[in-house]
Amino acid sequence: MERLSNKVAIVTGASAGIGRATAKLFAAEGAKLVVGARREGELDELVAEIKADGGDAVALAGDVRSEDYAQALVALAVETYGRLDIAFNNAGTLGEAGPSTGVSEKGWNDAIAINLTGSFLGAKHQIAEMVKHGGGSVIFTSTFVGYSFAFPGVAAYAASKAGLIGLTQALAAEFGPQGVRVNAILPGAVDTAMYRDMNNTPESQSFITNLHALKRVATPEELARSVLYLASDDSAFVTGTASLVDGGASITRT
Ligand SMILES: NC(=O)c1ccc[n+]([C@@H]2O[C@H](COP(=O)([O-])OP(=O)(O)OC[C@H]3O[C@@H](n4cnc5c(N)ncnc54)[C@H](OP(=O)(O)O)[C@@H]3O)[C@@H](O)[C@H]2O)c1
């Protein structure tokens, strides 16, 4: 049986990587999709693929830093499909990396604006809609970096993503009584453009791979399956969690 039949879902950061894989899996599990990111062409391609596979999806391009965009994604879900049940706030950026004493104020603010404020603005409008129909599931993409592991040069990224864990707990406590579950997923390294941009030498890839007990990085599709769990009723009693999907990176010292 399809695990998301009759559910309506928003996925941000759907033009690539984890978001794209999750949108496709949600659609295959019966959800009707609203997909977002800045690159319109990639979104149109994704919608065409989902429709070719017999699914249902619409796209709206925009920047998650804009509250108008957050509102417009929810409005599109309601206009097109009549409701909203699931929101995967996954759009994110590494931001300005490098020695922290050299990080610009703009670089810092951009990471916070996209990774943290953008996720909050999304959830604000998504939850307001979900409570009208008895609840829903909100998922944020955080990371193992800044939670169970850290390395030099990623202060803005780590801080913005760790902020999502506090946001997850606060929203879960506030809206649990109205049936809204809120969880954060904390991936280890996942083979996407973000990972490849950061690790573009064999040495760096080998270093990152070795951090994981499984001695490999994840595929976007593997992450999507864990997001599906948090989105579906299989996780009906799961809320407020920081859910590591990190191939054992948090317990590996070898
Ligand atoms: N890959 C990893 O190892 C890893 C590990 C832990 C956590 N994560 C997190 O996983 C999430 C997805 O990343 P990914 O690995 O799949 O990388 P990716 O392939 O680079 O995807 C990033 C997505 O975010 C979107 N995005 C970025 N800035 C945006 C903005 N201002 N407004 C709207 N959309 C924006 C991008 O779309 P456009 O460029 O079209 O806007 C793209 O769809 C991110 O939050 C990332 O921090 C990744």
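Definitions and cut-offs
Residues numbered from 1 in each chain as written. Predicted model: local features only at pLDDT ≥ 70, side-chain atom pairs only at ≥ 80, totals over all residues. Heavy atoms only, no water. Pairing = 2+ DSSP bridges. Helix = DSSP H or I, 4+ residues; strand = E, 2+ residues; numbered from the N terminus. Right-handed = clockwise from strand over helix to strand, strands pointing away. Contact = heavy atoms within 4.5 Å. 1 Å grid on protein atoms, 1.4 Å probe; cavity = no way out; pocket = protein on both sides within 12 Å on 5 of 7 lines; lining within 4 Å. Points joined across faces, edges and corners; volume = space filled by probe spheres on them.

## A few points about the pairing of strand β3 (residues 56-61)
Across six bridges, strand β2 (residues 32-37) lies against β3 in parallel orientation. Opposite L33, over in β3, you have A57 as the bridge partner. A crossover links β2 with its parallel partner β3, the connecting element being helix α2 (residues 40-52), and its sense is right-handed.

## Here we look at the environment of A57
Positionally, A57 belongs in strand β3. Along the primary structure A57 and I10 are separated by 47 residues, whereas in three dimensions their C-alpha atoms are 9.7 Å apart. The contact partners of A57, leaving out residues within four places of it in the chain, are L33, V47, I50, K51 and Y81.

## As for empty space enclosed by the protein
Scanning all chains against the criterion turns up one cavity of 30 Å³ or more. Of the pockets and cavities examined, the largest cavity occupies roughly 90 Å³. In terms of lining residues, the largest cavity is bounded by 14 residues, among which T12, V64, N89, G118 and G122 are the most central. Only α3 (67-81) and α4 (105-130) provide two or more residues apiece to the lining of the largest cavity. It is α4 that contributes the most residues to the lining of the largest cavity, five residues altogether.

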